Amino acid sequence: MTLAASPARERVVRPKRPRHLSEAMRCETAFRLILSECLEEVATNHEALSSGDPTALHQTRIALTRLKAAIAFYGPMVADSEWTRLKSELKWLSAYLGATRDLDVAIENSKGLPEERMLMTARTDAFEALREALQSDRYWQWFDGMWDWVGSGPWTTRQDPRAAQRRAVPVSVFHARRLARWHGKLCHKSRGLQGMGKNKRHRVRLASKRLRYAIEFSEGGLPADVYASWRNVLKHLRKGQQLLGELNDDEVRRKLFESADALDQGADERKARHQRVHERKRKSQLLRRAAAIYRKIAE
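Residues numbered from 1 in each chain as written. Predicted model: local features only at pLDDT ≥ 70, side-chain atom pairs only at ≥ 80, totals over all residues. Heavy atoms only, no water.

1. Details of the overall build of the chain
The following threshold applies: Each helix is a run of DSSP H or I of at least 4 residues and each strand a run of E of at least 2, with the numbering of both proceeding from the N terminus. Only heavy atoms enter the contact rule, under which two residues are in contact if any of them lie within 4.5 Å. Reported accessibility uses the Shrake-Rupley method at a 1.4 Å probe radius. Residues are deemed covered only where the shown protein chains occlude them.
Broken down by element type, the chain carries eleven helices and two strands. Each helix (α) and strand (β) of the chain, taken in turn from the N terminus, gives the series β-β-α-α-α-α-α-α-α-α-α-α-α. Relative to all contacts within the chain whose residues are 6 or more apart in sequence, the contacts with residues 24 or more apart total 76%. Surface accessibility of the chain: about 16,100 Å² in total, with carbon and sulfur atoms responsible for 51%.

Structure, rendered in structure tokens:
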């Protein structure tokens with residue numbers, strides 16, 4: 001299977017393979033399987049993404065978020081200078097993906113409204129910048145570098161006893177310990193959710209995503225009865241993440257309108273006031289529902 005970066009350049013994409021974690025599997029093996037799955041998902045969506053498909057864009061962002069979550073989850077084992085460099089390049093790519101995705105969400109939430117045309121124009125400009133990034137040598141150097149790092153990066157050859165021990169820890173042991181730690185941190189961060197500012201609330205949302213993906217990664221790697229309890233947490237996390245996501249989408253949409261002077265405040269002040277009241281009520285309702293969900297997560 002091949003993937004074209006340009007008419008004159010073909011890239012070999014690793015064949016997809018099922019990811020099956022087991023309780024006795026070494027952590028280094030599990031990490032490679034998880035990261036390979038994420039990179040394969042990026043490769044699978046590349047052609048459609050380069051053609052402007054919003055679904056492919058969404059799936060690519062999810063794959064990259066899962067990739068970052070897995071690297072954070074296995075942090076001490078895989079942290080090295082090469083990942084520091086690759087992480088910087090991923091931040092560059094994510095900025096283009098995020099800008100275009102934010103506009104897709106705003107457009108979906110503005111169907112039939114006057115601002116839809118303005119958002120469509122902005123989306124066209126954002127996507128052109130994204131497509132240029134996706135076709136650049138910089139992108140392909142990052143993508144190939146990620147594959148090389150997963151397979152044979154500096155983290156794979158560190159010979160000190162502690163590093164070797166981390167690579168050899170069974171999945172069942174490491175995942176149980178790490179999930180408990182991440183769960184505890186999220187419970188602490190989510191306290192007082194209704195009164196939080198947007199920055200702290202954003203950090204709760206990010207921590208929720210990471211824990212959600214970490215639990216999903218752990219399927220097969222934990223005893224069935226242990227994973228069953230995490231599956232219940234996962235159910236609540238999905239609901240909480242959805243509510244916090246809606247709050248974030250509302251905030252992004254508002255910022256897009258403000259930056260583009262989409263509302264004529266002088267001519268339509270009454271409508272603007274009504275909109276602000278509606279937004280405050282919606283925010284209060286979403287926060288109240290989210291706070292109830294996070295109390296369940298902490299139980």
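2. Considering the packing of helix H1 (residues 27-50) against helix H2 (residues 54-73)
Here is the rule we go by: The axes used here are C-alpha line fits, helices contributing only the stretch in contact, and every angle between their N-to-C directions lies in the interval 0 to 180 degrees. Working rule for angles: under 35 degrees goes down as roughly parallel, over 145 as roughly antiparallel, 65 to 115 as roughly perpendicular, anything else as oblique. Left-handed describes a crossing whose near helix is turned anticlockwise from the far helix by less than a right angle; the clockwise case is right-handed.
Where H1 meets H2, the axes come as close as 9 Å, and the angle between the chain directions of the two elements is 160°. By the angle class used here, H1 and H2 are roughly antiparallel. Considering only the axes of H1 and H2, their crossing is left-handed. Here Phe31, Ile34, Leu35, Glu37, Cys38, Leu39, Glu41, Val42, Asn45, Ala48 and Leu49 of H1 come into contact with H2, specifically with Ala56, Leu57, Gln59, Thr60, Ala63, Leu64, Arg66, Leu67, Ala70 and Ile71.

3. Quick word on the confidence of the model for the chain
Rules: Residue-level confidence of the predictor is what pLDDT reports, using numbers from 0 through 100.
Summary statistics for the chain give a mean pLDDT of 86 and a share of 86% for residues scoring 70 or more. Contacts of residues 1-18 to residues separated by more than four positions or lying in other chains number 34 contacts, the stretch itself having pLDDT below 50. Contacts of residues 262-267 to residues separated by more than four positions or lying in other chains number four contacts, the stretch itself having pLDDT below 50.

4. What about the pattern of salt bridges?
Applicable threshold: The rule for a salt bridge is simple: a side-chain nitrogen of Lys or Arg has to be within 4 Å of a carboxyl oxygen of Asp or Glu.
With the rule as written, the count across this model stands at twelve salt bridges. For glutamate 37, the salt bridge is made with arginine 66, and the minimal N-O distance between the two is 3.6 Å. Highlighted residues: glutamate 37 in helix H1 and arginine 66 in helix H2, separated in sequence by 29 residues. Note that arginine 85 is salt-bridged to glutamate 82, the shortest N-O span being 2.7 Å. Within this pair, arginine 85 and its partner glutamate 82 are both found in helix H4 (residues 81-108), separated by three residues, close to a single helical turn. Residues joined by salt bridges that share partners form a network here, namely Glu37, Arg66, Arg212, Glu216 and Arg238.

5. Here's the deal with the environment of leucine 57
On the secondary structure map, leucine 57 appears in helix H2. Between the C-alpha atoms of leucine 57 and histidine 46, which are eleven residues apart in sequence, the distance is 8.6 Å. Once you skip the residues sitting within four places of it in the chain, leucine 57 turns out to touch Leu49, Leu97, Thr100, Arg101, Asp104, Arg123 and Leu130.

6. Points about the nonpolar core
What counts here: Throughout, nonpolar core names a set of buried Ala, Val, Leu, Ile, Met, Phe, Trp, Tyr and Cys residues whose side chains join them through atoms within 4.5 Å. Residue burial is assigned from relative accessible area. The probe radius is 1.4 Å, only protein chains are included, and a residue is buried under 20% of its type maximum, exposed over 50%, and partly exposed in between.
In terms of nonpolar packing, the biggest core is built from 75 residues, with Tyr74, Met146 and Trp149 touching the most fellow members. Excluding its chain neighbours within four sequence positions, the residues that come into contact with tryptophan 149 are Phe31, Ile71, Val78, Asp80, Glu82, Trp83, Leu86, Pro154 and Trp155. By size, the runner-up hydrophobic cluster in this structure holds five residues, among which are Leu103, Ala106, Ile107 and Leu119.

7. Examining the side chain of histidine 236
As for its position among the elements, histidine 236 is in helix H10 (residues 224-259). Among residues more than four places away in sequence, those in contact with histidine 236 are Ile293, Lys296 and Ile297.

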